[in-house]
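# Examination of the molecular architecture
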Amino acid sequence: MKVAVLGAGAIGAYVGAALHRAGADVHLIARGPHLAAMRRSGVQVISPRGDFTARPHATDDPAEVGPVDHVFLGLKATAYAACGPLIAPLLHERTTVVAAQNGIPWWYFHRHGGPYDGRRLESVDPGGAVSAVLAPERAVGCVVYAATELQAPGVVRHVEGTRFSLGEPGRGVSARCLELSGAMRAGGLKCPVEPDLRNDIWLKLLGNISFNPISALARATMRQMCRHGGTRRVIETMMRETLRVAEALGCEVGVSIERRLAGAERVGDHRTSTLQDLERGKPLELDVLLAAVVELAEITGVEVPTLRTVHALSDLLALRSAA
């Protein structure tokens, strides 16, 4: 199996290292000091499950890699619309694009069925710019439950979690999902193929939609947000509103808000990806987390006043941090 990791940051490099350890032909595509370190010393993974080093091929030129079976997309969703020149050399007729993104994916209503089938969400696919680059037919969904950070160039700190759930937009269990799942499991990851990944999308989003923007606004870790009474109540309210939107779309999360909060608190003083991006001056990936759910609330007629308020505040933060 030939796999390219386009955007081999913390999560991408971690997955690439695991796949390489399992014997896959892995190519990491990155840039800057991180790329230089991976070329020099490989990917060094520091993990409570055991440290290891993998030495897959690393480059900044996708044309050097050529067509692959699977592209694991580690880019931020904000970069999808502009990634055409990077991804084009990696594609053949049957190449799968596995987007390891948080939030609502651009393909959400592709083969969804029902009254919303094929509908495009402006917040995640403005003007169809993402679909034009990443054809929904190629997409396999991926919900990431692992927490990682780049401790230094080429060094990935694995905080907790090894689960990467895969699923087809059209539901069911496909051969391409099973193939990739088998390779990821051989590399030491948990990788179930879900018959309907949209339930997992909402389960993960339940935390991301609340913790990520609040962490950026308050400059707070997971533990700090959970233990502060005020932010905990805001997060609980955001989660309740999110569950109502999910239910209006026929999805069931199956986990209580209290259990979700307890799980987040156990993560400890981990900084969310949004807070990490803010601290590093990178674009904030909030449209797919928050704006998309506000748009879905409008479509389904669900009232989400707290989500709207936090969206307004975090959107201004994103604009100011990008200036």
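The paragraphs below set out a description of the structure included in this document. Just so it is clear, the model here is predicted, and its values are computed rather than measured. Along every chain, residues carry numbers that run from 1 in the direction the sequence is written. Side-chain atom pairs in this predicted model are given and counted only at pLDDT of 80 or more, local residue features only at pLDDT of at least 70, and totals for whole chains, interfaces and linings cover all residues. Note that water and hydrogens are dropped before the side-chain values are worked out from all heavy atoms of the structure.

## Re helix α2 (residues 32-41)
Remark: exposure states derive from per-residue accessible area (1.4 Å probe, protein chains only) relative to the maximum for the residue type, with buried under 20%, exposed over 50%, and partly exposed in between. For helices the rule is a DSSP run of H or I covering at least 4 residues; for strands it is a run of E covering at least 2, with both sets numbered from the N terminus onward. Taken together, the buried positions of α2 are occupied by His34, Leu35, Ala37 and Met38. Angularly, the buried residues of α2 cover 165 degrees about the axis, an arc narrow enough to put them on a single face. Exposed positions of α2 whose direction lies more than 90 degrees from the buried face are Pro33 and Arg40. Check the buried side of α2 and you find it contacts α1 (10-21), β2 (25-29), β3 (43-46), β5 (57-59) and β9 (147-152). Note: the arc covers the axis-to-C-beta directions of the helix. Here, two residues are considered to be in contact whenever any of their heavy atoms come within 4.5 Å of each other.

## As for the side chain of Arg260
Following the sequence through the fold, Arg260 ends up in helix α10 (residues 257-267). This buried residue, Arg260, is left without a salt bridge; Glu160 holds the nearest opposite charge, at 7.9 Å. Beyond its immediate chain neighbours, meaning those up to four positions away, Arg260 contacts Leu203, Lys204, Leu206, Gly207, Met239 and Val255. Think of it this way: Lys and Arg go in the positive column, Asp and Glu in the negative one, and His and the chain ends go nowhere. Salt bridges are defined by distance alone: a side-chain nitrogen of Lys or Arg within 4 Å of a carboxyl oxygen of Asp or Glu.

## Overview of the pairing of β2
The buried fraction of β2 amounts to 4 of the 5 residues, a majority that puts the element mostly inside the structure. In this structure, strand β1 (residues 2-6) lies alongside β2, joined through 5 bridges in parallel fashion. Paired with Val5 across the bridge in β2 is Leu28. Handedness of the β1-α1-β2 crossover: right-handed. As judged from the 3 bridges shared by β2 and β5, these two strands associate in the parallel manner. Pairing between two strands is assigned when DSSP locates at least 2 bridges connecting them. By convention, a crossover is right-handed whenever its connection, traced from the first strand over the helix to the second and viewed with the strands pointing away, goes clockwise.

## Focus on unusual backbone geometry
The residue Arg111 is not glycine, and still its phi comes out positive at about 55 degrees. Mapped onto the elements, Arg111 comes out in the loop between β7 (96-99) and α5 (129-133). The exposure class of Arg111 is exposed, given its relative accessible area of 52%. Non-glycine residue Arg171 carries a positive phi angle of around 70 degrees.

## Let's talk about empty space enclosed by the protein
A 1.4 Å probe that fits but cannot get out identifies a cavity on a 1 Å grid over protein atoms alone, an open set with protein on both sides within 12 Å along at least five of seven lines counts as a pocket, and a residue lines either if it has an atom within 4 Å of a point. Grid points are joined across faces, edges and corners, and a volume is the space filled by probe spheres set on the points. Tallied over the full model, the rule gives 2 cavities of 30 Å³ or more. In this model, the largest cavity occupies a volume close to 80 Å³. Around the largest cavity sit 14 residues that line it, and Gln101, Gly103, Cys142, Val143 and Ile201 are the ones nearest its centre. Among the elements of the structure, β8 (139-144) and α7 (197-218) are those that each provide at least two residues to the lining of the largest cavity. Three categories are distinguished: nonpolar for Ala, Val, Leu, Ile, Met, Phe, Trp, Tyr, Cys and Pro, charged for Asp, Glu, Lys and Arg, and polar for the others, with Gly belonging to the last. Residue composition of the lining of the largest cavity, grouped by class: 9 nonpolar, 4 polar and 1 charged. Around the second largest cavity, the lining residues are Lys76, Asn102, Asn212, Ser273, Thr274, Asp277, Glu285 and Leu289. The element best represented in the lining of the second largest cavity is helix α11 (residues 273-279), accounting for 3 residues. For the lining of the second largest cavity, a count of residues per class yields 1 nonpolar, 4 polar and 3 charged.

## Description of the packing of helix α12 (residues 287-300) against helix α13 (residues 305-322)
Only the stretch in contact is used when a helix axis is fitted, and all axes are lines through C-alpha atoms; the angle between N-to-C directions ranges over 0 to 180 degrees. In the contact formed by α12 and α13, the axes pass within 10 Å of each other and the chain directions differ by 145 degrees. The two elements α12 and α13 cross, and the hand of that crossing is left-handed. Contacts between α12 and α13 involve Leu290, Ala291, Val293, Val294 and Glu298 on the former and, on the latter, Leu307, Arg308, Val310, His311 and Ser314. Class assignment of the residues belonging to the contact of α12 with α13 gives a composition of 6 nonpolar, 2 polar and 2 charged. Crossings are sorted by hand: turned counterclockwise from the far helix by less than a right angle, the near helix makes the crossing left-handed, and turned clockwise it makes it right-handed.

## Quick notes on the sheet that holds strand β4 (residues 52-54)
Reading across the sheet, the 4 strands line up as β4-β3-β10-β9 and stay open at both edges, with mixed pairing between neighbours. Because the sheet does not close on itself, it has two edges, and the strands there are β4 and β9. On average, each strand axis in the sheet is inclined to that of its neighbour by 25 degrees, with strand direction left out of account. The sheet contact formed by β3 and β4 spans 3 bridges and is antiparallel. In the sheet register, Gln44 faces β4, and the bridge partner there is Thr53.

## Observations concerning the side chain of Thr221
Position of Thr221 among the secondary structure elements: in the loop between α7 and α8 (222-227). Sequence-distant contacts of Thr221, defined by excluding residues within four places in its chain, comprise Gly268, Asp269, His270 and Arg271.

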